[in-house]
Amino acid sequence: MPKSVYDRGLLKPADIARLQRVFDEACQRRQAHPDSAKAREIALTLLALHNAGMVEEDMLMEAVGFRRLDSKSA
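Residues numbered from 1 in each chain as written. Predicted model: local features only at pLDDT ≥ 70, side-chain atom pairs only at ≥ 80, totals over all residues. Heavy atoms only, no water.

Engineer: Looking at this model, I keep getting lost on the pattern of salt bridges. Mind explaining?
Structural biologist: Where side chains of opposite charge bring their charged atoms close, a pairing between them can arise. Under the definition given, this model contains 3 salt bridges. Among the salt bridges present, the one from D15 reaches R18, with a minimum N-O distance of 3.1 Å. Of the two residues, D15 and R18 are both situated in helix 1 (residues 13-29); the distance of 3 residues between them amounts to about one turn of the helix. Both residues of the pair, D15 and R18, count as buried. The salt bridge involving R21 is made with E57; its shortest N-O contact spans 2.8 Å. Taken together, the positions of R21 in helix 1 and E57 in helix 3 (residues 57-65) put the pair 36 residues apart, joining distant regions of the chain. (Salt bridge = Lys/Arg side-chain N within 4 Å of Asp/Glu carboxyl O. Helix = DSSP H or I, 4+ residues; strand = E, 2+ residues; numbered from the N terminus. Buried < 20%, exposed > 50% of the residue type's maximum accessible area, 1.4 Å probe, protein only.)

The structure is reproduced here in structure tokens:
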């Protein structure tokens, strides 16, 4: 019997909803249009953090909502 998408380690609906909330808030705080390069960087960072085990919404928001993504401009 084939494994479901959840058994294969893919995101569950609750994970997607959490990541979407954080993404939307981070884009708003950073004034990034959801289709922009900055927003894509936020999304990739969120996925990497989530895959590394950071699943708490407030921790994700702290990680991407305020810190600079482009360290070269610091």
